[in-house]
Amino acid sequence: SEWGGDGMKKKPNYLNLFKGISLPWLLLFILFITSIVAGQVEVKSVQMTADIIDSYQNTIRIDRLVRYLTYLAAIVACGVSTTWIGEICYGRINRDVRKKVFTHLLRLPKKFYDKESADELVSRIIVDAGSSAYYFEILISTIGAVYTAVIVFKNLIGYNRVMGLYSLLIIPVSIVVAVMYGWFTYISARKGVNSNAVTMGYLFERTSAFRMIKAFNMQKAELLAGDKMFKKMFEADMFTEMTLAFVQVGMQIIGAISIIISFIFGSQMVKRGVLTIGELVAFYTLSGSV
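Residues numbered from 1 in each chain as written. Predicted model: local features only at pLDDT ≥ 70, side-chain atom pairs only at ≥ 80, totals over all residues. Heavy atoms only, no water.

Student: Which parts of the structure should I look at to understand the overall build of the protein chain?
Tutor: Of regular secondary structure, the protein chain possesses ten helices and zero strands. Ordered by position in the sequence, the α and β elements of the protein chain form the string α-α-α-α-α-α-α-α-α-α. Residue burial in the protein chain is summarised as follows: out of 290 residues, 34% are buried. Total accessible area on the protein chain is roughly 17,900 Å²; 68% of this is exposed by carbon and sulfur atoms. (Helix = DSSP H or I, 4+ residues; strand = E, 2+ residues; numbered from the N terminus. Buried < 20%, exposed > 50% of the residue type's maximum accessible area, 1.4 Å probe, protein only. Areas by Shrake-Rupley, 256 points an atom, 1.4 Å probe, with all protein chains shown as cover.)

Below, the structure is given as structure tokens:
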């Protein structure tokens, strides 16, 4: 919790939020397995796409087409099940964290409530605690992405060792983008959550006291205070947008590297008969999915 037993704020340790909470480990495990299976199925479907493209010059085999459609159905099933189970799993985590935070607030000393706005505390329970499951979501998706990346690079080297080794250039760029994205996302989330909580508390309190504000002619002072908080919200939103822009730039760089490797080096290998067109398409598709 952000508050100690004496009601004083302390440096937050978000892992403490999950102590004493019965986490849905079975659902988390199912989500983990589903992410692993989804990565395998996605890579396999790309391989089958290459086979279908290469066999198109002769005759499309019905059994290959049926298997390909089966893999596509499996991808859809993995996506639907991940979304559905994830909503239940993460919803339960957020629910239990809200309950824990609410219980903790009820046990704080009376003097604490004199210093904190009731409306801000409501925001802390609803908004802040509602994002607690985000850490599990990031952890599972990261592990699944790393596992998929290992399979992808294994297959890339299998298509062509030289191009596969060239594709390793994507790894450092991907790592930098992932690390920076995680760090900036954490900072932007902290900024956004804090500014939203303070602003919501201020607005709830002031909108219920408009008559008193007008009676004491305090409109100008309240406008200045509101403008200051709105600027903080704007800065937090801009930081979030900058984070998304950074990721988009990183993805564009990764895509550019994939294009250079696939179509510059790959086209030469297709001409020499070292690589088929289907394998080139599969190589490009897989390298872009890292």
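Student: Just checking my understanding: could you explain the pattern of salt bridges for this structure?
Tutor: Between side chains of opposite charge, a pair can form as their charged atoms come close. Taken as a whole and assessed by the stated rule, the structure comprises two salt bridges. In this structure, the salt-bridge partner of D227 is K231, at a minimum N-O distance of 3.5 Å. Here D227 and its partner K231 are both found in helix 9 (residues 219–271), four residues apart, which amounts to about one turn of the helix. Among the residues examined, D227 registers a relative accessible area of 38% and is labelled partly exposed. (Salt bridge = Lys/Arg side-chain N within 4 Å of Asp/Glu carboxyl O.)

Student: Is there a simple way to think about the environment of I253 in this case?
Tutor: Take I253: it is sitting in helix 9. A relative accessible area of 42% means that I253 is categorised as partly exposed. Remark: the alpha-carbon pair of I253 and V177, spanning 76 residues in sequence, is separated by 10.0 Å.

Student: Just checking my understanding: could you explain the packing of helix 5 (residues 134–159) against helix 10 (residues 277–287) for this structure?
Tutor: The interhelical angle for the contact between helix 5 and helix 10, taken along N-to-C directions, is 155°, at an axis separation of 10 Å. Accordingly, the angle class assigned to the pair helix 5 and helix 10 is roughly antiparallel. Between helix 5 and helix 10 lies a crossing of left-handed hand. Side by side, helix 5 and helix 10 meet where V152, N155, L156 and Y159 of the first sit next to E279, A282, F283, L286 and S287 of the second. When grouped by side-chain class, the residues that make up the contact of helix 5 with helix 10 number six nonpolar, two polar and one charged. (Axes fitted to C-alpha atoms, helices over the stretch in contact; angles between N-to-C directions. Parallel < 35°, antiparallel > 145°, perpendicular 65-115°, else oblique. Left-handed = near helix turned anticlockwise from the far one by under 90°. Contact = heavy atoms within 4.5 Å. Nonpolar A, V, L, I, M, F, W, Y, C, P; charged D, E, K, R; others polar.)

Student: Would you take a moment to explain the nonpolar core for this structure?
Tutor: Considering soluble globular proteins, one finds that nonpolar side chains tend to be buried as a cluster. Grouped together as the largest cluster of nonpolar side chains are 22 residues, with contacts concentrated most on Y90, I93 and V97. Mapped by element, the contributors of at least two residues to this core are helix 1 (25–55), helix 2 (62–106), helix 4 (118–128) and helix 5. If you tally residues by element for this core, the top one is helix 2, at seven residues. Setting aside residues no more than four positions away along its own chain, Y90 makes contact with L28, L31, A133, F136, E137 and I140. Counting residues in each nonpolar core, the second largest holds 20 residues, with V46, A149, L156 and I170 among its members. (Core = buried A, V, L, I, M, F, W, Y, C linked by side-chain atoms within 4.5 Å.)

Student: Sorry if this is basic, but what is going on with the side chain of S45 here?
Tutor: Within the fold, S45 resides in helix 1. Since its relative accessible area comes to 6%, S45 is described here as buried. Side-chain polar atoms of S45 contact the backbone oxygen of E42, separated by 2.6 Å. Not counting the four nearest positions on each side in its chain, S45 is found in contact with Y68, Y71 and I75. (Polar contact = N/O pair within 3.5 Å; in protein donor to acceptor, adjacent residues only side chain to side chain.)

Student: How do you make sense of the environment of L203 when you look at a structure like this?
Tutor: When you line up the elements, L203 lands in helix 7 (residues 170–207). For L203, a relative accessible area of 34% gives the class partly exposed. Each C-alpha atom, one on L203 and one on G226, is 8.3 Å from the other, the two residues being 23 residues apart in sequence.

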